[in-house]
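Residues per chain, in single letters:
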Protein chains: 2
Amino acid sequence: MISVEEALRIVLENQLPDQIIEVPLLEANGKVLAENIFADRDFPPFNRVAMDGIAINMSFLSVISEGDKLLIENIQFAGEPQKTMSGNGNCMEVMTGAILPENTDTVIRYEDLDFTEIEGRKYAIVNIPLSEPGQNVHHQGIDKSAQSLLIQQGTKISPAEIAIMATVGKDYCKVKAAPAVAVISTGDELVDIHENPENHQIRRSNSYMLAAALSESGIKARLYHLNDDPEKLENRLRIILAANDVLILSGGVSAGKKDFVPQIMENLGVKKLFHKVSQKPGKPFWFGKSEYGKIVFALPGNPGSTFLCFYKYVKPFFSGLKQETLKKAVLSDKIFFRQELTLFVPVTTRCNEEAALIATPLKNSGSGDLAVLLSCDGFLELPASEAIFEEGKSFSYINFK
Amino acid sequence: MISVEEALRIVLENQLPDQIIEVPLLEANGKVLAENIFADRDFPPFNRVAMDGIAINMSFLSVISEGDKLLIENIQFAGEPQKTMSGNGNCMEVMTGAILPENTDTVIRYEDLDFTEIEGRKYAIVNIPLSEPGQNVHHQGIDKSAQSLLIQQGTKISPAEIAIMATVGKDYCKVKAAPAVAVISTGDELVDIHENPENHQIRRSNSYMLAAALSESGIKARLYHLNDDPEKLENRLRIILAANDVLILSGGVSAGKKDFVPQIMENLGVKKLFHKVSQKPGKPFWFGKSEYGKIVFALPGNPGSTFLCFYKYVKPFFSGLKQETLKKAVLSDKIFFRQELTLFVPVTTRCNEEAALIATPLKNSGSGDLAVLLSCDGFLELPASEAIFEEGKSFSYINFK
C-alpha cells in the first residue's frame, strides 16, 4: 500500500505523450495550448486615443491653463489613417480607438472641455489646467512589444487567451488533442438507467458521473458496462483497450471473489504501477500502464470512492499539469480519525469575511453514500500522519463544484 | 449615472423567462435543472453489504470473541437475489454491493478473518471481538427515503446531480434552454482575425472573447461585426434583434461622435434601463429591454471594460441565479483611488497557508490593456465610498479563471 502523495506522483509521471491538433480559435477554449504565441505588432500597435476629446501638442504648448481656447483643425475617427495637425497651438477632435494624429501627444476628454464657435470656426475651451504631456494616450508598445512571447505553450486557454490570439491573427491554433477515453462500469448488481431494477439491483451511476466530469475536461468518453464474468470481461477489455488511450473502470478492484480486474489487467499486459492507496475512501484504487503506453485507472466502485479518485487523480492526469495548484480550506469542526490513512472528508464550503474558505464536514454514511455528494463542494484532505484534526486549522482541499 | 449595486440589481431583475427543454442526461451537465428530482426508492434501496467478508446474525450471537469459528453456509454475490441464512450461528460470505442475506445483520470484513476447512466444511475464524450489530452494512433508506426530494429545480447540474439522476432512472431531464445570443462588435478600426490590419487598425478580439466566455455558460453565440454607419447599423441591428433573445454589443456606447448605439436602440424600441455606471473600467455600460422582452447589453469596447462587464453583469444574468455567491479576496498592497467610482482592479490570486485568497494588483495601462488579462485571475471590487484601500483588508472578488 502506498501513500496518497506517492500515488499522485506516479499518476502524474505517466501522463500520455502529447497529441497535437490544430483547431479553429473558438474551439480552443478550455484546451491546453501546444505552441507559443508571439506579438505580431506592438501592444497597442500605434499611439492610441484612450478617451473621446481633443488631441493637443503639449511639447509645444508646455502649459495649459483653465480657460485656454484652442482652434479645432479636424477630426480623427477610429479606423481612419493618421491625420496631421498643422498648427502646433491648435487641436484635433479625436475618438477612442483612433490613431493619435501626427504632431499631437496628449488627449483632453470631453468631460473637461467646452466648445464655442467664433466667426464660423470651432474652438475647444479647456476647463482644467495641464502641465504634463501624454495623458489619455495609450502609447504604442507600452503593454507588449512586437515579437515578445505572449502565451507560453502548455497554458490552459481561457477567454483572455482567446482575445490575445484573435488580436495577433491566430484564426487556428495548436492544442493538445483529447485522448480517446473509455469509461467502464462493472458489477452484476447494476442495471442501465432506463431499466427497472429488481430489489437487489441498482441503476449504474458512476459511469454517467465520470462521463459528465470528463466532459468538463473537454473529453467525450465512450461508455461501457461489463458483467462479472472473467472470460467475457477479459475479451471485452482487450478490445476496449486496443481502441482507447485511457480506460477508467469503476468496481471490481477490491477483495471480493468477483473482483477480477487486477488479474485481467495482468493477463492483458497492463503492468500494475500500484494497487491500494492508504486513503479513505478509495483504498483499493488500482493504476497501470500497458506496454503500448495505454493507461488504466481502476477505481473502487462505491460512488464516494469513484468521485474522490476522479478529482484527486484522474482530473489532474488529464489537465496535463505537472503540479496541482495549492488549494486550502479551514476545517470548521474537530475531527478524530485514528487509522493510518489519509482521510478525505466531504465538505460544504463558504468564503468568510476575511476571504478564507471555511469547510464544514458533511454527515454521511460512508463511501456508499451517493446523496451526500449533492450538498458537497469538495473533499478536505486530512493527512495520514495525524489522528486529531483541530477546528480552525487549514488543510488541502479538492473542490469539484 | 447609477451605482454598481443598482446596475447589477436591474440586470438580475430582467432575466429572461425560462424556456424549458428535455435533454438526454449527459447533455444536462452544467445546465440549470427545470424540474424537481425525487427518490424512486430508498437510498440505498436495500440493506447493502459495504465490505467483502462474512455476514452474521449478531442479534442471535450477541457477542463475538477473538477466535470464534463460524460455519460458512453459502455466498451472496452482488446482483444475486437475496439468500437466507438458515443457521443462526453460521455465517454467509458476502461481497460489496450485495443485498444482505436474510437472517443476518452484521458484516465482518476479510481483513479481520482467517479461514479454515474441517472435514470438507469451510469456517471463518474471527480475529476481532465484536459486541454491536450493524457494522459494515449500508442500511436501507439511511441516506434518503423513497419519495424524498433529492434535487430542487433551479440547481446547477454537476456530475453529482448526474449520478443521482442516473440512479433514479432519469435518462432524460428538463433543463433551462440556452437563449439565442448575438455578439456584435462595432468600430471602424476593427478588421477580422484573418486579415492584415493597416497601421491604424487592429483585429477584433472582444467578440471572440465574449463567445468563448459564453460557451462556458453553455451558450453558443452568433458573431457579427458592424461598422459605424448609423443607417446600416440600425438596419442590421433590427434584423439581429428579431432573431435573438439577447444582444451583447461591444463598442459605440461612449461620448464619441460615432457612438450611435444608444440612439439606435431607442429607435428600435429598446428601452434604456440604465446608461453609465459609476465604475472604472466600464463606465459607459448601457443596458436595455425591448417591448418584446429582448435584452441588450451594450458594453464599452475597451477590452478591460468588456471583460469586467461580462463577468460582473452578463455572466450572472445567464447563470439564472437571483443572487451571486459571496467571494472575497485579501488585497496585498495599499491602493489609493480618489474618484467616486467603484474600482475593479485586475489581480492575480493565490491561496495562503491559512486558506485565505490573496489578491495582488497587476500593473496595467488601463482598460485598453488587453495583455494584462493574460496574467489576471479576476477583479477585486473596491467600493466607490472609500478612497484608501488598506493592505490586508478583504474585498469582493470576481474570478474568471
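So, how was this worked out
Residues numbered from 1 in each chain as written. Chains lettered and ligands numbered in written order. Predicted model: local features only at pLDDT ≥ 70, side-chain atom pairs only at ≥ 80, totals over all residues. Heavy atoms only, no water. Helix = DSSP H or I, 4+ residues; strand = E, 2+ residues; numbered from the N terminus. Rg over C-alpha atoms; globule rule 2.2 N^0.38 Å. Buried < 20%, exposed > 50% of the residue type's maximum accessible area, 1.4 Å probe, protein only. Areas by Shrake-Rupley, 256 points an atom, 1.4 Å probe, with all protein chains shown as cover. Lys, Arg positive; Asp, Glu negative; His and termini not counted. Charge placed at Lys NZ, Arg CZ, Asp CG, Glu CD. UniProt positions renumbered as here; feature names shortened; annotations may be inferred. Salt bridge = Lys/Arg side-chain N within 4 Å of Asp/Glu carboxyl O. Pairing = 2+ DSSP bridges. Axes fitted to C-alpha atoms, helices over the stretch in contact; angles between N-to-C directions. Contact = heavy atoms within 4.5 Å. Buried area = accessible area lost by both parts, 1.4 Å probe. Polar contact = N/O pair within 3.5 Å; in protein donor to acceptor, adjacent residues only side chain to side chain. Least-squares fit on C-alpha atoms with pLDDT ≥ 70 in both. Domains from an automatic or database assignment. Phe/Tyr/Trp six-rings, centres within 6.5 Å; stacked < 30°, edge-to-face > 60°. Parallel < 35°, antiparallel > 145°, perpendicular 65-115°, else oblique. Left-handed = near helix turned anticlockwise from the far one by under 90°.

The secondary structure content of chain A amounts to 7 helices and 28 strands. Taken over C-alpha atoms, the radius of gyration comes to 31 Å for chain A, far larger than the 21 Å a tight globule of 401 residues would show. For chain A, the spread of C-alpha atoms along the three principal axes comes to 100 × 50 × 40 Å. Burial analysis of chain A (401 residues in total) assigns 54% to the buried set. Surface exposure of chain A reaches about 17200 Å², of which carbon and sulfur atoms provide 47%. If you average the places of the 41 positive and of the 51 negative side-chain charges in chain A, the two averages end up 9 Å apart.

Next up on the list: the UniProt feature "domain: MoaB/Mog" (unreviewed entry) in chain A. UniProt's entry tags residues 182-320 of chain A with the feature "domain: MoaB/Mog" (unreviewed entry), counted in the numbering of this structure. With 35% helix and 27% strand, the stretch residues 182-320 of chain A has end C-alpha atoms that lie 18 Å from each other.

Now for the pattern of salt bridges. For the coordinates displayed, the defined rule picks out 31 salt bridges over all chains. Notably, a salt bridge pairs Asp40 of chain A with Arg203 of chain B, separated by 2.9 Å at the nearest N-O pair. Residue Asp40 of chain A is located in the loop between strand E2 (37-38) and strand E3 (48-49), and its partner Arg203 of chain B is located in strand E15 (residues 202-203); the two belong to separate chains. When its relative accessible area of 7% is taken as the criterion, Arg203 of chain B is described as buried. A salt bridge links Asp188 of chain A to Lys258 of chain A, with the shortest nitrogen-to-oxygen separation between them at 3.6 Å. With Asp188 of chain A in the loop between strand E13 (181-186) and strand E14 (190-191) and Lys258 of chain A in the loop between strand E17 (246-250) and helix H6 (261-267), this residue pair connects regions lying 70 residues apart in the sequence.

Here we come to the sheet that holds strand E7 (residues 106-109) of chain B. All names here are of chain B. Across the sheet, 6 strands lie side by side as E7-E4-E6-E5-E9-E8; this open sheet has mixed pairing. Both outer strands of the open sheet, E7 and strand E8 (113-118), are each paired with one neighbouring strand and no more. Averaged over all pairs of adjacent strands, the angle between strand axes in this sheet comes to 40°, irrespective of strand direction. Where strand E4 (residues 53-56) meets strand E6 (residues 91-94), 3 bridges bridge the pair, whose relative direction is antiparallel. Counted as the bridge partner of Ile54 is Glu93 from E6.

On to the interface of chain B and chain A, then. Contacts between the two partners involve 94 residues from chain B, matched on the other side by 94 residues from chain A. Between chain B and chain A, a total of about 7200 Å² is buried, with carbon and sulfur atoms accounting for 61% of that surface. Per-residue buried area on chain B facing chain A is highest for His200, Lys257 and Leu374 of chain B; these three make up 9% of the total on that side. With a shortest N-O distance of 3.3 Å, Lys328 of chain B and Glu353 of chain A are connected by a salt bridge.

We now examine the sheet that holds strand E17 (residues 246-250) of chain B. Residues and elements named next belong to chain B. The strand order across the open sheet formed by 6 strands is E16-E13-E17-E21-E20-E18, and the pairing between neighbours is mixed. At either end of the open sheet lies a strand with only one pairing partner, and these are strand E16 (222-226) and strand E18 (270-275). Averaged over neighbouring strand pairs, the angle between their axes works out to 20° when direction is ignored. Bridge count between strand E20 (residues 286-290) and strand E21 (residues 295-299): 4 bridges; the pairing is antiparallel. Considered in E21, the bridge of Lys289 is made with Ile295.

Residues and elements named next belong to chain B. Its location among the elements puts Asp377 in the loop between strand E25 (357-361) and strand E26 (378-382). Taking the C-alpha atoms as reference points, Asp377 and Lys401, 24 residues apart in sequence, are found 5.5 Å from one another. Every residue in contact with Asp377, bar those within four places of it in the chain, is listed here: Val347, Thr348, Thr349, Tyr397, Ile398, Asn399, Phe400 and Lys401. Within the local environment of Asp377, its side chain forms a polar contact with the side chain of Thr348, the two groups lying 3.3 Å apart.

On to the relation of the copies chain B and chain A, then. The two copies are related by a screw motion: chain B maps onto chain A through a turn of 180° and a shift of 0.0 Å along the axis, at an RMSD of 0.1 Å. What the superposition gives is, in effect, a two-fold axis relating one chain to the other. Nearest to the rotation axis, the C-alpha of Ala356 of chain B is located 1.9 Å from it, this being the minimum over chain B. Of all interface residues in chain B, 100% are interface residues in chain A too; the two copies therefore contact each other through one and the same surface.

Quick look at the domain arrangement of chain A now. Segmentation of chain A into domains returns domain 1 (4-18 + 178-319), domain 2 (20-43 + 142-176), domain 3 (48-138) and domain 4 (328-399). Summarising the inter-unit geometry, the C-alpha centres of domain 2 of chain A and domain 3 of chain A are found 36 Å apart.

On to the packing of aromatic side chains. Residue and element names in this part refer to chain A. Tallied over the entire structure, the rule returns 28 aromatic pairs over all chains. Look at Phe285 and Phe297: their rings are 6.4 Å apart centre to centre, the planes differ by 10°, and that puts the pair in the stacked class. Of the two residues, Phe285 is situated in the loop between strand E19 (279-280) and strand E20 (286-290) and Phe297 in strand E21 (residues 295-299); the sequence distance between them amounts to 12 residues. Residue Phe285 shares its accessibility class with Phe297, and that shared class is buried. Judged by centre distance (5.1 Å) and plane angle (80°), the ring pair of Phe297 and Phe317 falls under edge-to-face. With a gap of 20 residues between them, Phe297 in strand E21 and Phe317 in helix H7 (residues 303-319) connect regions that are remote in the sequence.

Among the 5 residues that make up E17 of chain A, 5 are buried, leaving the element largely enclosed by the rest of the structure. Side chains of E17 of chain A alternate between two faces, with Val246, Ile248 and Ser250 of chain A and Leu247 and Leu249 of chain A buried alike.

This brings us to the side chain of Asp369 of chain A. One can find Asp369 of chain A in the loop between strand E25 (357-361) and strand E26 (378-382). Buried and unpaired, Asp369 of chain A has no salt bridge, with Lys144 of chain B as the nearest side chain of opposite charge at 8.1 Å. Here the side chain of Asp369 of chain A touches Ser365 of chain A through a polar contact of 3.1 Å, landing on its backbone nitrogen. In contact with Asp369 of chain A, not counting residues within four places along its chain, are Asn364 of chain A together with His138 and Asp143 of chain B.

Here the focus is unusual backbone geometry. Glycine aside, negative phi is the norm for most residues, and most peptide bonds take the trans geometry. Note the cis peptide between Lys280 of chain A and Pro281 of chain A, where omega equals 0°. In this fold, Pro281 of chain A is placed in the loop between E19 and E20. For the bond from Phe43 of chain B to Pro44 of chain B, the omega torsion is -10°, close enough to zero to count as cis. Along the chain, Pro44 of chain B falls in the loop between strand E2 (37-38) and strand E3 (48-49). Positioned with a positive phi, Glu119 of chain A is a non-glycine residue whose angle comes to about 50°. As for its position among the elements, Glu119 of chain A is in the loop between strand E8 (113-118) and strand E9 (121-126). Phi is positive for Lys276 of chain A, close to 85°, though the residue is something other than glycine. Relative to the elements of secondary structure, Lys276 of chain A occurs in the loop between strand E18 (270-275) and E19. Looking at Lys276 of chain A, the relative accessible area reads 38%, which means it is partly exposed.

Here the focus is the packing of helix H4 (residues 206-215) of chain A against H7 of chain A. Residue and element names in this part refer to chain A. Here H4 crosses H7 at 25°, and the two axes come no closer than 11 Å. Classed by the angle they form, the pair H4 and H7 counts as roughly parallel. Pair H4 / H7 crosses with right-handed handedness. For the pair formed by H4 and H7, the contact residues are Asn206, Met209, Leu210, Ala213 and Leu214 on the first element and Pro303, Thr306, Phe307, Phe310, Tyr311 and Phe318 on the second.

Now for the environment of Lys334 of chain A. Of note, Lys334 of chain A is situated in the loop between strand E22 (328-331) and strand E23 (335-336). Not counting chain neighbours up to four residues away, the residues in contact with Lys334 of chain A comprise Ile388, Phe389, Glu390 and Glu391 of chain A.

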